[in-house]
Structures are given as structure tokens and as C-alpha cells.
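# Observations on the three-dimensional arrangement
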Amino acid sequence: MKNSFQNLNKAFDNKIRLGIMSVLSVNSRASFNQLKEVLEVTDGNLASHIKSLETAGYIAVIKRFKNRKPNTSYEITPEGAEAFENHLKALEEILKQL
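To start, this report covers the structure provided alongside it. (Residues numbered from 1 in each chain as written. Predicted model: local features only at pLDDT ≥ 70, side-chain atom pairs only at ≥ 80, totals over all residues. Heavy atoms only, no water.)

## Section: the overall build of the protein
- Helix and strand counts for the protein come out as 5 helices and 3 strands.
- Considering only C-alpha atoms, the protein reaches an extent of 55 × 25 × 20 Å along its principal axes.
- Classification of the 98 residues of the protein by burial places 33% in the buried group.
- Within the protein, contacts between residues at least 6 apart in sequence are counted, and of these 56% link residues at least 24 apart.
- By element, 50% of the accessible surface of the protein is carried by carbon and sulfur atoms, the whole surface being about 6,600 Å². (Helix = DSSP H or I, 4+ residues; strand = E, 2+ residues; numbered from the N terminus. Buried < 20%, exposed > 50% of the residue type's maximum accessible area, 1.4 Å probe, protein only. Contact = heavy atoms within 4.5 Å. Areas by Shrake-Rupley, 256 points an atom, 1.4 Å probe, with all protein chains shown as cover.)

Given below as C-alpha cells:
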């Protein structure tokens with residue numbers, strides 16, 4: 001069981017980061033406001049967790065204009081998808097051993 005816990009990714013220990021990755025793993029892209037609404041978090045809290053995942057290379061930031069207004073959205077990177085999948089597999093292994 002000890003090995004299974006070692007396979008967990010510390011980047012996903014926080015429920016907000018786990019939530020961000022969950023949303024992005026089932027949607028090709030999500031806006032800041034969509035993530036904020038789904039996860040029910042403040043702007044600052046969400047921004048700090050997004051920055052953490054971006055720094056790790058797990059999500060990409062897409063900035064563009066929509067009706068002449070800036071629009072920021074996020075998508076999971078291939079590295080992020082692989083890391084998240086491995087994290088979920090480790091969780092499954094832990095649950096199987098209980």
C-alpha cells in the first residue's frame with residue numbers, strides 16, 4: 001500500500017487543483033468564470049491554483065478576444081492529462097487495497 005501512496009501526484013493534493021483538472025479532463029476547454037462557478041471559489045483562490053498547475057506544465061492558458069473583450073480559457077496539456085491519469089490510477093489502487 002505504501003507504494004500506491006507514493007504514486008500520488010502532490011500537485012493534485014488540493015481539492016481545487018483536483019477540481020480544475022477534473023473539469024478540464026472532461027471538457028476540451030474552460031473559461032476562468034466557468035471554473036470559478038463550477039468549483040465555487042474566489043477569483044484569487046482560483047488564480048493561485050491555476051498558476052500552480054500552469055507552472056507545473058499541466059494546463060495551458062489561452063488568451064484571445066471575444067467581441068473585443070479579453071477572454072481567458074484553459075485546457076489540459078498532454079503532460080497534464082498523463083499526470084492526472086496516473087494520479088487517478090494510484091487512487092484506484094489505494095481503494096482496491098482497502
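After that view, the rundown keeps rolling.
## Quick word on the nonpolar core
- In this structure, Phe12, Ile20, Leu35 and Ile50 are the most contacted members of the largest nonpolar core, which totals 19 residues.
- Elements that contribute at least two residues to this core include exactly helix 2 (15-26), helix 3 (32-39), helix 4 (43-55) and helix 5 (78-97).
- Tallying contributions element by element places helix 2 first for this core, with 5 residues.
- With residues near it in sequence (within four places) discarded, Phe12 still touches Leu18, Met21, Leu53, Tyr58, Ala83, Phe84 and His87. (Core = buried A, V, L, I, M, F, W, Y, C linked by side-chain atoms within 4.5 Å.)

## Focus on the pattern of salt bridges
- Following the criterion strictly, the structure yields 3 salt bridges and no others.
- The shortest N-O distance in the salt bridge between Glu75 and Arg29 comes to 2.8 Å. Placement of the pair is Glu75 in strand 3 (residues 69-76) and Arg29 in the loop between helix 2 and strand 1 (30-31), with a sequence separation of 46 residues.
- Look at Glu75 and you get partly exposed, because its relative accessible area is 25%.
- Measuring nitrogen to oxygen at the nearest pair gives 2.7 Å for the salt bridge that ties Asp43 to Lys36. (Salt bridge = Lys/Arg side-chain N within 4 Å of Asp/Glu carboxyl O.)

## Re the sheet that holds strand 2 (residues 59-66)
- Taken together, the 3 strands give an open sheet; going across it, the order is 1-3-2, and neighbouring strands pair in antiparallel fashion. This sheet does not close on itself; its edge strands, each paired only once, are strand 1 and strand 2.
- Alignment of strand 1 against strand 3, held across 2 bridges, turns out to be antiparallel. Residue pairing across strands places Ala30 opposite Tyr74, the latter belonging to strand 3.
- In the packing of helix 2 onto the sheet, contacts are made with strand 1, strand 2 and strand 3, and the angle to strand 3 comes to roughly 90°. (Pairing = 2+ DSSP bridges. Axes fitted to C-alpha atoms, helices over the stretch in contact; angles between N-to-C directions.)

## Description of helix 2
- For helix 2, with 12 residues, the first-to-last C-alpha span of 17 Å sits near the 16 Å given by 1.5 Å per residue.
- Those residues of helix 2 that sit buried are Ile16, Arg17, Gly19, Ile20, Met21, Val23 and Leu24.
- On its buried side, helix 2 packs onto strand 1, helix 3, helix 4, strand 2, strand 3 and helix 5.
- The distance from a side-chain oxygen at the start of helix 2 to the backbone nitrogen of Ile16 is 2.7 Å, and the residue carrying that oxygen is Asn14. (Expected span 1.5 Å × (residues − 1). Polar contact = N/O pair within 3.5 Å; in protein donor to acceptor, adjacent residues only side chain to side chain.)

Coordinates in, geometry out; function isn't part of it.
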